[in-house]
Amino acid sequence: MNCIFCKIVNGEIPCSKVYEDEYCLAFKDLNPAAPVHVLVVPKTHIESVDRTDAENIDTVAKVLLALPKVAKALSLENGYRVITNVGEDGGQTVKHLHFHILGGIKLAEKLN
Ligand code: 5GP
Ligand code: ZN
């Protein structure tokens, strides 16, 4: 499958890793939108959070379980924002589920 994030998970494309466990990988966004901008992805391919189902819910849950660990590793004690984009209108450019973690600054309240 021609998926950038599957290639990053497989080590075919390098990344700046900040956290890894059996189920997910977190790495710095190539084009950061905040002082801290990390992507947390499942190691198996799921297109987006819109594809969450009874079969993959455990994998999705493992990614959510990793979020506080990633935030701790990034020293985001003061808070952070989690975003996951879905499809064309949601602005999703990479079709492999990922949660953006943004922080390191007081973020703007506007979401669009
Ligand atoms: P989306 O727009 O799909 O929610 O977010 C995709 C994100 O992936 C973007 O913020 C983009 O900068 C990031 N990105 C795209 N290609 C790569 C890559 O090869 N490496 C890394 N580290 N980030 C990438
Ligand atoms: Zn993928």
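For the structure, see preceding data.
All values derive from a computational prediction rather than experimental measurement.

Describing the coordination of the zinc ion (ligand 2)
Metal coordination angles have textbook ideals: 109.5 degrees for a tetrahedral set of four donors and 90 or 180 degrees for an octahedral set of six.
At step 1: Within the protein, Cys3 (SG), Cys6 (SG), His45 (ND1) and His96 (ND1) serve as the donor atoms for the zinc ion (ligand 2), at 2.0 to 2.3 Å.
At step 2: Viewed at the metal, the four donor atoms of the zinc ion (ligand 2) are separated by angles of 104 to 117°, and the geometry they form is tetrahedral.
At step 3: Accessibility expressed as a relative area gives 6% for Cys3, which makes it buried.
At step 4: Here His45 falls in the partly exposed class, since its relative accessible area comes to 31%.

Some details on the site of ligand 1
At step 1: Looking at ligand 1, there are 16 residues lining it, with Asp29, Asn85, Thr93, His98 and His100 nearest.
At step 2: Within the side chain of Asn85, an N or O atom sits 2.8 Å from an oxygen atom of ligand 1.
At step 3: Gly91 has a polar backbone atom sitting 3.1 Å from an oxygen atom of ligand 1.
At step 4: Residue assignment for the shell around ligand 1 shows that the elements contributing at least two residues are α1 (4-9) and β2 (24-28).
At step 5: Taken together, the residues of the shell around ligand 1 sort by class into seven nonpolar, seven polar and two charged.

Description of the sheet that holds strand β1 (residues 17-20)
At step 1: The five strands lie next to each other as β1-β2-β3-β5-β4, forming an open sheet whose pairing is antiparallel. In this open sheet, the two edge strands, each paired with only one partner strand, are β1 and β4 (80-83). Across the sheet, the axes of successive neighbouring strands diverge by a mean angle of 20°, strand direction being ignored.
At step 2: In the sheet, β2 pairs with strand β3 (residues 36-42) via five bridges, with the strands oriented antiparallel. Residue pairing in the sheet places Lys28 in a bridge with Val38 of β3.

Observations regarding the pattern of salt bridges
At step 1: Under the counting rule described, the total for this entry stands at three salt bridges.
At step 2: The closest approach of N and O atoms between Lys43 and Glu20, which form a salt bridge, is 2.8 Å. Separated by 23 residues along the polypeptide, Lys43 in the loop between β3 and α2 (57-73) and Glu20 in strand β1 bring together distant segments of the chain.
At step 3: The closest approach of N and O atoms between Arg51 and Glu47, which form a salt bridge, is 3.4 Å.
At step 4: Each member of the salt-bridge network shares a partner with another, and the members are Lys17, Glu20 and Lys43.

Re the pairing of strand β5 (residues 99-103)
At step 1: Counting buried positions along β5 yields five of five residues, so the element is predominantly enclosed.
At step 2: In this structure, β4 lies alongside β5, joined through four bridges in antiparallel fashion. By the bridge assignment for β5, Tyr80 is matched with Gly103.

Rules behind the numbers
Residues numbered from 1 in each chain as written. Chains lettered and ligands numbered in written order. Predicted model: local features only at pLDDT ≥ 70, side-chain atom pairs only at ≥ 80, totals over all residues. Heavy atoms only, no water. Donors = N, O, S within 2.8 Å, 3.2 Å for Na, K, Ca; no water. Tetrahedral: all angles 85-135°; square planar, octahedral: opposite > 155°, others 65-115°. Buried < 20%, exposed > 50% of the residue type's maximum accessible area, 1.4 Å probe, protein only. Near = heavy atom within 4 Å. Polar contact = N/O pair within 3.5 Å; in protein donor to acceptor, adjacent residues only side chain to side chain. Helix = DSSP H or I, 4+ residues; strand = E, 2+ residues; numbered from the N terminus. Nonpolar A, V, L, I, M, F, W, Y, C, P; charged D, E, K, R; others polar. Pairing = 2+ DSSP bridges. Axes fitted to C-alpha atoms, helices over the stretch in contact; angles between N-to-C directions. Salt bridge = Lys/Arg side-chain N within 4 Å of Asp/Glu carboxyl O.

Any functional reading would require information beyond the geometric quantities listed.
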